[in-house]
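Residue-level listing of the chains:
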Amino acid sequence: MNIYEERSECTLSNTNRSGRGKNRRNSAASQGQGNASVSRQPSQTSRPSTRQQGKEVRPQGASLSAVRPKERARESAPIEGLPVSKNEETVIDIIGMNHDGEGVGRANGYTLFVQGALPGETVRVRVMKTKKQYGYAKLLEIVKASPDRVSAPCPIYDQCGGCQIQHMSYAGQLAWKRQLVVDNLQRIGKLNVLVEDAEGAEQQGIRVLPTMGMDEPWRYRNKAQVPIGAADGGLVGGFYAKGSHRIIDMDICLIQHEHNDEVVAKVKELGSHLGISAYNEETGRGLLRHVVVKKAFRTGEMMLVLVTNGRDIPHKDAWIGSIREAIPHVASICQNVNKKQTNVIFGDETRVLWGRDVIYDYIGDVQFAISARSFYQVNPVQTEVLYGKTVEYAGLSGKETVIDAYCGIGTISLFLAQHADQVYGVEIVPEAIEDARSNAMLNEMKNVKFEVGASEDVIPRWKEQGIEADVIVVDPPRKGCDPRLLDTILEMKPERVVYVSCNPSTLARDLRVLEDGGYRTVEVTPVDMFPHTVHVESVALLVRDGTDH
C-alpha cells in the first residue's frame, strides 16, 4: 500500500473513479471457482429513507453525456455458435465469485458473470452482453438462495458503489476472501497450498490461515472524502454512483464512523444556509469541491478539510464559527486549494483556518501525527491486527536489522523498531519520508532511519555501505513489487521476507519470483481491512531455503 495515493477501494469519494489506478479487472472466465471485486444486489436491498438519502444528483450544470462513462460499448454483431444469445433468459447455477464480486455461472459450458449472485445459488438471468469466451447477465430471480445471502442493511446499497458484498454474510465474506487468496496463489503463482482437512501423507506447501476479521465490521472507517454537488438550491454530497460522476446524496454511511457522517451533514447544512456554491466540473466554477473528514479513534480528535476551487471563502468566519459550535470534536479546520480541472482530490496548497495543522492518534503504542494530506490507514482497528501479524512474521528478538521497503509515513517501520536493533525505511515520496521522520521523533525512536528514493536504488547503496538486513518487509501498491526490488532482495539474501499485500494476484506473482530465487513461502494470513468490500490484505512469511522456520 503505497503512500499519498488515494485508495480506490476504500475512499468514500473515489470508489468509482479512475484515480489511483488500482483496478484489477482480470477476466475470470477460465476460473471454475472465481474470486472477486465489485457486486451489487439488484432488488433485495432496503428502500432509501424518506429524506434525500439516496437521491441521485448530477454535478451542477453537467450534461447527460458528461456524467455517463466516456467509453461506451459499441453494439457488436452477434457472435455465432454461442450457447446463449443477448436478451435470452436462462437458469444457471452459480459456482463461484470472481474478483469483482460477480457470481460466476455456466450456461452449457459458457461463462456468465452475474452481479449480485452468490456461490451456491440457482438463479434466473437475462443475458445482457456476450463475448467470445464469456458474457454478462442480469439477475432476475433467485431460484435457490445461498445460506450466506443476507439483506443489505444500507438503504442505498443498490445505488452506491462503495461496498460490493453487503448482501453476503460476514462469515461468508471472510471465507470467500481466504479462497480468493488461495486461488490466486495456485492459479497465478503456481504455488502449492496446503489443503484443509487433507488426510493421509504429510503435505508440503503454503499454509493459508483463515481471514482475520472484525468483531464489529461496521463503522470502521476513520476518513471520509465526499464530493460535493448542488441540488434544490443547496449542497449535496456522498458517493459517486458506480461508473459515473453522478453524486448519490447521503446522510449515513454504515462503514463510516458516526462522527464523520455528522460532520459532513453539518458542513452541507451550514454551507447551504450561507449560500456556499458547489464546484461545477464542466464549467470549472463554484467553490466547494470535496469535504474530507478524519477521525482519530483513540484520541477522539477530528480534522475537517474543505477542498475549494480558490482561496477566498465567502462568510468564512461565520462558517468556521458555526462548525466549531456544532461539532466540538473538531480540533483542526483546514482548507486545501485545488483549482485544476482534475479528478485528483487535493491541490498543492493547504492552510489552517482554525486549530492545529495535525491531529494525533495511536496504532498500538505508536503515536502518529495526521495532517490534511498525509496517508493514514482508514481502518485503525484492523491496521493494528495487520501490523501485529507483520511483527510476528518478522520473528524479531531485538538484535536484527530490518529494512522496510515502501515504508510510507513509517507506520510499519515504527512498529518494527520496537522489537528490532535497527530499522531502515525507504519510500519514493518525499512528503511521506518527512512525515515518517516526524513520527519517529514524536515517539522518541532513535533506532530507525528513513531515506527518500526507490527501494531498488537505495537498498543496494545501503548494502555497499555495509548494511545487511536480517529481515526485509515490503508493502507495495497494488501493482506489486518492482522487479528490480525483487532482484535486490534475492541478492541481499535476508533470512526472512515479510510481504504485506493489498492485491492477491500481484502477491502470487511476486511470491513465485522469490520462491524461484531460493525462498520458501511458509504461511499467508489474509486480513479483512475493508469489510463488505471485495478487497483483502494479506501478510506472507518467506524464509530462505535451508533455514528453519
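Just above, that's the structure.
Residues numbered from 1 in each chain as written. Predicted model: local features only at pLDDT ≥ 70, side-chain atom pairs only at ≥ 80, totals over all residues. Heavy atoms only, no water.

**Student:** Tell me about the overall build of the protein, residues and numbers included.
**Tutor:** Along the protein, the regular secondary structure elements total 10 helices and 23 strands. Looking at the 549 residues of the protein, the share that counts as buried comes to 58%. Taking the intrachain contacts of the protein between residues at least 6 apart in sequence as the baseline, contacts between residues at least 24 apart amount to 69%. Entry remark: accessible area of the protein is about 22,900 Å², with carbon and sulfur atoms responsible for 46%. (Helix = DSSP H or I, 4+ residues; strand = E, 2+ residues; numbered from the N terminus. Buried < 20%, exposed > 50% of the residue type's maximum accessible area, 1.4 Å probe, protein only. Contact = heavy atoms within 4.5 Å. Areas by Shrake-Rupley, 256 points an atom, 1.4 Å probe, with all protein chains shown as cover.)

**Student:** Can you break down the pairing of strand 17 (residues 401–405) residue by residue, with the values?
**Tutor:** Within strand 17, five of the five residues are buried, which leaves the element mostly enclosed by the surrounding structure. Burial of the side chains of strand 17 extends over both faces: Thr 401, Ile 403 and Ala 405 are buried on one face and Val 402 and Asp 404 on the other. Strand direction decides the pairing type here: strand 17 and strand 18 (residues 422–427), joined by five bridges, are parallel. Among the inter-strand pairings, Val 402 is bridged to a residue of strand 18, identified as Val 423. Handedness of the crossover joining strand 17 and strand 18 through helix 6 (residues 411–417) is recorded here as right-handed. The pairing of strand 17 with strand 20 (residues 471–474) spans four bridges and is classified as parallel. Paired with Ala 405 across the bridge in strand 20 is Val 474. (Pairing = 2+ DSSP bridges. Right-handed = clockwise from strand over helix to strand, strands pointing away.)

**Student:** An account of the environment of Glu 282 is needed here, citing residue identities and associated values.
**Tutor:** Among the structural elements, Glu 282 can be located in the loop between helix 3 (258–274) and strand 11 (288–295). Distance in space between the C-alpha atoms of Glu 282 and Gln 341 is 8.7 Å, their sequence separation being 59 residues.

**Student:** Describe the sheet that holds strand 22 (residues 519–527), and please don't skip the residues or the numbers.
**Tutor:** Backbone-to-backbone hydrogen bonds pair the strands of a sheet. The strands run either parallel or antiparallel. Pairing is mixed across the open sheet formed by eight strands, whose spatial order is 7-22-23-21-20-17-18-19. Strands with a single pairing partner mark the edges of an open sheet, and in this sheet they are strand 7 (207–208) and strand 19 (448–452). Across eight bridges, the pairing between strand 22 and strand 23 (residues 537–544) is antiparallel. Note that in strand 23 the partner of Thr 521 across the bridge is Leu 542. Along the sheet, helix 10 (residues 504–516) makes contact with strand 21 (496–501), strand 22 and strand 23, crossing strand 21 at roughly 165°. (Axes fitted to C-alpha atoms, helices over the stretch in contact; angles between N-to-C directions.)

**Student:** Which residues make up the packing of helix 8 (residues 455–464) against helix 9 (residues 483–492), and what values go with them?
**Tutor:** Their axes nearest at 8 Å, the elements helix 8 and helix 9 cross at an angle of 20°. Overall, the two elements helix 8 and helix 9 adopt an arrangement that is roughly parallel. Of the two possible hands of crossing, helix 8 and helix 9 adopt the one that is left-handed. Along the contact surface, helix 8 presents Ser 455, Glu 456, Asp 457, Ile 459, Pro 460 and Lys 463, while helix 9 presents Arg 484, Leu 485, Thr 488, Glu 491 and Met 492. (Parallel < 35°, antiparallel > 145°, perpendicular 65-115°, else oblique. Left-handed = near helix turned anticlockwise from the far one by under 90°.)

**Student:** Can you lay out unusual backbone geometry for me, pointing to particular residues and giving the numbers?
**Tutor:** Here Asn 108, not a glycine, exhibits a phi torsion of approximately 55°, which is positive. With respect to the helices and strands, Asn 108 occurs in the loop between strand 3 (102–107) and strand 4 (110–115).

**Student:** Break down the side chain of Thr 390 for me, citing the residues and quoting the values.
**Tutor:** Note on placement: Thr 390 falls in helix 5 (residues 380–394). Within the local environment of Thr 390, its side chain forms a polar contact with the backbone oxygen of Leu 386, the two atoms lying 2.9 Å apart. Those residues in contact with Thr 390, other than ones at most four positions away along the chain, are Ile 412, Val 473, Val 498, Val 500 and Val 539. (Polar contact = N/O pair within 3.5 Å; in protein donor to acceptor, adjacent residues only side chain to side chain.)

**Student:** Can you break down the sheet that holds strand 5 (residues 122–130) residue by residue, with the values?
**Tutor:** Spatially, the five strands close up into a barrel ordered 2-3-4-6-5, and their pairing is mixed. Averaged over all adjacent pairs, the angle separating strand axes in this sheet is 50°, with direction ignored. Of the pairings in the sheet, the one linking strand 5 to strand 6 (residues 134–144) comprises eight bridges and is antiparallel in character. Counterpart to Val 123 in the pairing with strand 6 is Ile 142.

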